[in-house]
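Examining the three-dimensional arrangement
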Amino acid sequence: MSSSAPQHPRPAGDHRLWSVDEHLADVLGAVRPLEPIELQLLDAQGCVLVEDVTVPVALPPFDNSSMDGYAVRTADVQGASEEFPAVLTVVGDVAAGSGELPTVGPGEAARIMTGAPLPPGAEAVVPVEWTDGGTGGGAAAGMTPASAAPEQSGGEVRVHRAAEARAHVRARGSDVQAGDLALAAGTVLGPPQIALLAAIGRGTVRVRPRPRVVVLSTGSELVQPGEPLAAGTIYDSNSFALAAAARDAGAIAYRVGAVADDADTLRSTIEDQLIRADLLVTTGGVSVGAYDVVKEALSSIGSTGSAGSTGPGAGDGDADVEVDATRIDFRKLAMQPGKPQGFGTIGPDHTPLLALPGNPVSSYVSFELFVRPAIRALMGLPESEVRRPSVRAVLKADKALGSPAGRRQFLRGAYDAESGTVSPVGGSGSHLIAALAHADSLMVVPEDVTSVEPGTELEVVLLG
């Protein structure tokens, strides 16, 4: 299914530096929500509803008991006490799911279980703790199982307290009435929503599916966790971080893992993954090094067609790669970390691809700023739920924080909602994974600010 926007030609040769906002607008402008499909309830968990769902039958569909006890007429228990209990004849049991119900007449009661329908003639339910449980003794703590003492569905019960009309009765339609709006289009289906759909009898529902996101990391130096490290190698953390982040955003994530710095291998891997991808994410290989192979690999995926475009301006001049009548742009952004970025659509279905830098913090920050919104847009969420929420907070630090001129800097932070403050976590290096693991927010330093003094109010993007 195609999920990208129509492409519009743009002038070549514009080698400007992109702003964060321009790059995000370019990404979101090329992404369209996935086409709706009908799914079974559990398969629809995490998906966005595309139609209003109305209630076909009232909930509960009949008056029923909210307690284990006895269904009675209020007149028969009026004035009942421990000293002078009301003695009633038990005419039968009413269990949840009962079809034929006994009629409760004057001086009678029916033993009733939680959720069971209120029998004809009964006006209230007295909890079993207000009775002797039909044993002829004192106050009961509970009911004897029907299989162990079936005779207690008959005989007599002593009621020690009065009950008002409708006491411990859940009225028909007290939850929702037939014709009510159960769930509105745009609702994300979590466990409570799935429960409501099941309760009103819906076996399937029409939703936008969760996007399928394929994550690939590149680099011959990368080793999978659990394997021994050789000289000059490191463990692949990016593919795990981004796959987990994609799941957190609501996607179905496929982690391909590390691909060696070989253009043919990477090209073949990407082509193989297109069949199961609504969005492709690569990390590494987008800078200007001799072994940054993502640009080289993408230059010959599929058949090259006429030049297309993904946004309002060209890239950084490093590479504008035409693929299947689209263009993969590799550009520089006015941000730190995450300056080198790539974006476009590839393959016959114009699958969106975001190429992120390889440094761990750069990769994760880039995901939060650009990939997560793309995933949320594919899900069909409203604009207000596409980006992470942000707040204003006062910087709490021992010294001023520096920031490069002309760059929007994103620093890891710990946000304290109670005090309205945010504190830096770790340094600004794009390799500091440990600091990222202890951060719950990103502090945003604007492009025109080079120093932030303690006590200054900042925008803070909340990651939790």
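Residues numbered from 1 in each chain as written. Predicted model: local features only at pLDDT ≥ 70, side-chain atom pairs only at ≥ 80, totals over all residues. Heavy atoms only, no water.

The next thing to look at is the packing of helix α4 (residues 238-249) against helix α7 (residues 360-379). Where α4 contacts α7, the axes come no closer than 9 Å and their chain directions differ by 30°. Viewed along their axes, α4 and α7 adopt a mutual orientation that is roughly parallel. For the element pair α4 and α7, the recorded crossing hand is right-handed. Packed against α4, whose contacting residues are Asn-238, Leu-242, Ala-245, Ala-246, Asp-248 and Ala-249, the element α7 presents Pro-360, Ser-363, Tyr-364, Phe-367, Arg-372, Ile-375, Arg-376 and Met-379 at the interface. When grouped by side-chain class, the residues that make up the contact of α4 with α7 number 9 nonpolar, 2 polar and 3 charged. (Axes fitted to C-alpha atoms, helices over the stretch in contact; angles between N-to-C directions. Helix = DSSP H or I, 4+ residues; strand = E, 2+ residues; numbered from the N terminus. Parallel < 35°, antiparallel > 145°, perpendicular 65-115°, else oblique. Left-handed = near helix turned anticlockwise from the far one by under 90°. Contact = heavy atoms within 4.5 Å. Nonpolar A, V, L, I, M, F, W, Y, C, P; charged D, E, K, R; others polar.)

One recurring pattern in soluble globular proteins: nonpolar side chains tend to sit buried together. Formed by 43 residues in total, the largest nonpolar core has its most connected members in Leu-279 and Ile-375. With sequence-adjacent residues up to four places away left out, Leu-279 is seen in contact with Arg-212, Val-213, Val-214, Thr-351, Pro-352, Leu-354, Val-371, Ala-374, Ile-375 and Leu-378. (Core = buried A, V, L, I, M, F, W, Y, C linked by side-chain atoms within 4.5 Å. Buried < 20%, exposed > 50% of the residue type's maximum accessible area, 1.4 Å probe, protein only.)

Let us now look at the environment of Ala-141. By the element assignment, Ala-141 lies in the loop between β8 (124-127) and β9 (156-159). Its relative accessible area of 75% is what places Ala-141 among the exposed residues. When the C-alpha positions of Ala-141 and Thr-131 are compared, they lie 9.0 Å apart, and in sequence the two are 10 residues distant.

Further remarks concern the packing of helix α1 (residues 20-29) against α7. In contact at an axis separation of 10 Å, α1 and α7 are set at 30° when each is read in the N-to-C sense. Between α1 and α7, the crossing angle belongs to the class labelled roughly parallel. In this structure, α1 meets α7 at a crossing whose hand is right-handed. In contact with Val-20, His-23, Leu-24, Val-27 and Leu-28 of α1, α7 contributes Leu-369, Phe-370, Pro-373, Ala-374 and Ala-377.

Take the sheet that holds strand β5 (residues 69-72) next. Here we have 5 strands laid out as an open sheet, ordered β8-β5-β7-β6-β9, and mixed in their pairing. Looking at the sheet topology across the chains shown, the edges are occupied by β8 and β9. In this sheet, adjacent strand axes meet at a mean angle of 40° when their direction is disregarded. As defined by bridge partners, β5 adjoins strand β7 (residues 108-112) across 4 bridges and the pair is classed as antiparallel. (Pairing = 2+ DSSP bridges.)

Counted according to the given criterion, the structure contains 0 aromatic pairs. Lying over the aromatic face of Trp-18, Arg-16 brings its terminal NZ or CZ to 4.8 Å of the ring centre. A cation over an aromatic ring shows up here: Arg-331 above the ring of Trp-18, its NZ or CZ 3.6 Å from the ring centre. (Phe/Tyr/Trp six-rings, centres within 6.5 Å; stacked < 30°, edge-to-face > 60°. Lys NZ or Arg CZ within 6 Å of the ring centre and 35° of its normal.)

Turning next to the sheet that holds strand β1 (residues 37-40). Strand pairing in a sheet is mediated by backbone hydrogen bonds. Such pairs are either parallel or antiparallel. The strand order across the open sheet formed by 3 strands is β1-β12-β2, and the pairing between neighbours is antiparallel. At either end of the open sheet lies a strand with only one pairing partner, and these are β1 and β2 (48-49). Relative to strand β12 (residues 204-208), β1 runs antiparallel, the two sharing 4 bridges. Its bridge partner being in β12, Ile-37 is matched across the sheet by Val-207.

Next up on the list: the confidence of the model for the chain. In the predicted model, the chain carries a mean pLDDT of 87, and the fraction of residues at 70 or more is 86%. Overall, residues 302-318 carries pLDDT values under 50, and its contacts beyond four positions in sequence, including any with other chains, amount to 64 contacts. Note that residues 321-326 has pLDDT below 50 and, in this model, 36 contacts with residues that lie over four places away or in other chains. (pLDDT = per-residue confidence, 0-100.)

Quick look at the environment of Pro-33 now. On the secondary structure map, Pro-33 appears in the loop between α1 and β1. When its relative accessible area of 31% is taken as the criterion, Pro-33 is described as partly exposed. Considering only alpha carbons, one finds Pro-33 and Ile-375, 342 residues apart in sequence, at a separation of 9.1 Å. If we skip the residues at most four places from it in the chain, Pro-33 touches Arg-208, Ala-377, Leu-378 and Gly-380.

Topologically, Thr-351 is positioned in strand β22 (residues 351-356). Between the C-alpha atom of Thr-351 and that of Leu-279, which follows or precedes it by 72 residues, the distance is 5.9 Å. Apart from the residues within four sequence positions on either side, Thr-351 is in contact with Leu-274, Ala-277, Asp-278, Leu-279, Leu-280, Gly-344, Thr-345 and Ile-346.

Glancing now at the pairing of strand β23 (residues 390-395). Across 5 bridges, β23 lies against strand β29 (residues 457-462) in antiparallel orientation. Directly across from Ser-390, in β29, lies its bridge partner Val-461. As paired elements, β23 and strand β26 (residues 421-424) share 2 bridges and run parallel to each other. What sits directly across from Leu-395, in β26, is Val-422.

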